[in-house]
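Given next are the chains, with one letter for each unit.
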Amino acid sequence: MPFNHLSRRGFIASAAATALTVPARVHAQNTMQMRVSFDDQEAIYSLIDNPTTRDLMSMLPVDLTIEDFSTNEKIIHLPRRLDEGGYAPFDDETPGDLCYFLGWGNLALFHDDYTFRNDLIRLGRLEGPVTPLLHKGEYPVRIEMV
């Protein structure tokens, strides 16, 4: 009898642990990724699920222009403004962040340090090094889901 009791307890603990890990596996399989391709460069971003990101995704694939801006980012002007419902302040700015700039309605692809000033919506994070974003110049760019 104690054996059955322990087995039942072990089974329940195992089932609970499995239930807790399934959403993480499902989430990992459903990661939204976006490719930004220009000249001979390619950057892949893991996207955050928010209304602004979903609005951006609704216009993809799209061919636009990417250009350098300041010393820390590249920008892409979009054909229209995006839904601003993804706005949430953050304080962990990192090179590799993909943001939507509320002032001009453009994408900001940061390759160096920057500061959040209540004018950005974070959309995602670059997978891998920022090296493709260091490629200087203005180029046609293709943005598409992976």
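The structure this text deals with has already been given above.
In this section: the sheet that holds strand S7 (residues 120-127). Two strands in a sheet stick together by hydrogen bonds in their backbones, pointing the same way (parallel) or opposite ways (antiparallel). Taken together, the eight strands give a closed barrel; going around it, the order is S1-S2-S7-S5-S6-S4-S3-S8, and neighbouring strands pair in antiparallel fashion. Put simply, the sheet's adjacent strands are angled 35° from each other on average, direction ignored. Two strands pair when backbone bridges link them, and strand S5 (residues 97-101) and strand S6 (residues 106-110) are joined in this way by four bridges, in the antiparallel orientation. Of the residues in S6, the one forming a bridge with Phe-101 is Asn-106.

Another aspect to go through is helix H2 (residues 51-58). Regarding H2, the residues found buried are Thr-52, Thr-53, Asp-55 and Leu-56. Along the long axis of H2, the arc covered by the buried residues comes to 160°, so they all point the same way. Where H2 begins, one side-chain oxygen reaches toward the backbone nitrogen of Thr-52, 2.9 Å away; that side chain belongs to Asn-50.

Moving on: the pattern of salt bridges. Pairing between side chains becomes possible if they bear opposite charge and their charged atoms approach one another. Across all of its chains, the model carries twelve salt bridges by this definition. Through salt bridges with shared partners, a single network forms among Arg-35, Glu-42, Asp-63, Arg-142 and Glu-144.

It is worth spelling out the environment of Tyr-45 at this point. Mapping Tyr-45 onto the fold places it in strand S2 (residues 41-47). It is 10.0 Å that separates the C-alpha atoms of Tyr-45 and Leu-109, two residues lying 64 residues apart in sequence. Look past the residues within four positions of Tyr-45 in its chain and what remains in contact with it is Met-32, Gln-33, Met-34, Val-36, Gly-96, Leu-98, Leu-109, Arg-125, Leu-126 and Leu-133.

The rules behind these values
- The residue numbering used here restarts from 1 in each chain and proceeds along that chain's sequence as written.
- Two thresholds apply to this predicted model, a pLDDT of at least 70 for residue-level local features and 80 or more for giving and counting side-chain atom pairs, whereas whole-chain, interface and lining totals are computed over all residues.
- Side-chain calculation: all heavy atoms of the structure are included, whereas hydrogens and water are not.
- DSSP-based pairing: two strands are paired if at least 2 bridges between them are found.
- What counts as a helix is a DSSP run of H or I of at least four residues, what counts as a strand is a run of E of at least two, and both are numbered from the N terminus.
- Angular values range over 0 to 180 degrees, each being the angle between N-to-C directions of two axes fitted as lines to C-alpha atoms, with helices fitted over their stretch in contact.
- Buried residues are those whose accessible area, probed at 1.4 Å on protein chains only, stays under 20% of the maximum for their type, while exposed residues exceed 50% and partly exposed ones sit between those limits.
- Think of the arc as the fan of directions from the helix axis to the C-beta atoms.
- In the analysis that follows, any N or O atom pair within 3.5 Å is treated as a polar contact, provided that within protein one partner can donate a hydrogen and the other can accept it, and provided that, for residues neighboring in sequence, both atoms belong to side chains.
- When a carboxyl oxygen of Asp or Glu is within 4 Å of a side-chain nitrogen of Lys or Arg, the pair counts as a salt bridge.
- Working rule for contacts: check all heavy atoms of both residues, and any pair within 4.5 Å makes them a contact.

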